[in-house]
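Secondary and tertiary structure notes
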Amino acid sequence: QVQLVESGGGLVQAGGSLRLSCAASGRTFSSYAMGWFRQAPGKEREFVAAISSSNGTKHYADSVQGRFTMSRDNAKNTVYLQMNSLKPEDTAVYSCASRRSVMITTDPKNYAYWGQGTQVTVSS
């Protein structure tokens, strides 16, 4: 029902910045809470950030608090993840996810729709 496509990943040196985008299909984007997750090789999928569907309430993982900023543009059906002060440990495939709820959650099992992911590599 919802298709998500991430973009903006790439190779960056430690301390640099990247801005990830997640474009969603459909015209009901504003009804969905959105989340960003990441998965490094050999590791479990990790929650990064989430934003509510309406009031813009956000939640971040402790590991990215103060460095990453999530936002959404409902007119463009797009959610963003601005990543600053990147560290090598941020290297992972970043995926966006959505669920039709005003509430946010850190549990990936609560998200119904997923993008294919975009690779972020941070060199030291």
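Residues numbered from 1 in each chain as written. Predicted model: local features only at pLDDT ≥ 70, side-chain atom pairs only at ≥ 80, totals over all residues. Heavy atoms only, no water.

Notes on the packing of aromatic side chains
Remark: the centre distance and the inter-plane angle together describe each pair of aromatic rings, the angle taken between the planes. Here the structure, examined in full by the defined rule, presents 5 aromatic pairs. For the pair Tyr32 and Tyr113, a centre-to-centre distance of 6.3 Å together with 70° between the ring planes defines the contact as edge-to-face. Within this pair, whereas Tyr32 is found in the loop between β3 (18-24) and β4 (33-39), its partner Tyr113 is found in strand β10 (residues 113-114), the two being separated by 81 residues in sequence. Residue Tyr113 is classed as buried on the basis of its relative accessible area of 18%. Ring geometry for Phe37 against Phe47: centres 5.7 Å apart, planes inclined by 75°, an arrangement best described as edge-to-face. Taken together, the residues span a long stretch of sequence, with Phe37 in strand β4 and Phe47 in strand β5 (residues 46-51) at a distance of 10 residues. Each member of the pair, Phe37 together with Phe47, is buried. Arg19 extends its terminal NZ or CZ atom over the ring of Tyr80, reaching a point 3.9 Å from the ring centre. Geometry around Trp114 places Arg45 over its ring, the cationic atom sitting 4.5 Å from the centre. (Phe/Tyr/Trp six-rings, centres within 6.5 Å; stacked < 30°, edge-to-face > 60°. Helix = DSSP H or I, 4+ residues; strand = E, 2+ residues; numbered from the N terminus. Buried < 20%, exposed > 50% of the residue type's maximum accessible area, 1.4 Å probe, protein only. Lys NZ or Arg CZ within 6 Å of the ring centre and 35° of its normal.)

Focus: the environment of Asn74
Mapped onto the fold, Asn74 is located in the loop between β7 (68-73) and β8 (78-83). For Asn74 and Ser53, which are 21 residues apart along the polypeptide, the C-alpha to C-alpha distance reads 9.2 Å. Here Asn74 is in contact with Phe29, Ser30 and Ser53, once residues within four sequence places are set aside. Of note is the side chain of Asn74, whose polar atom sits 2.9 Å from the side chain of Arg72. (Contact = heavy atoms within 4.5 Å. Polar contact = N/O pair within 3.5 Å; in protein donor to acceptor, adjacent residues only side chain to side chain.)

What to know about the pattern of salt bridges
Tallied over the full model, the rule gives 3 salt bridges. Put simply, Glu46 and Arg38 hold a salt bridge, and the shortest N to O gap is 2.8 Å. What makes Glu46 partly exposed here is its relative accessible area of 30%. (Salt bridge = Lys/Arg side-chain N within 4 Å of Asp/Glu carboxyl O.)

Interpretation in functional terms is not warranted from these geometric data alone.
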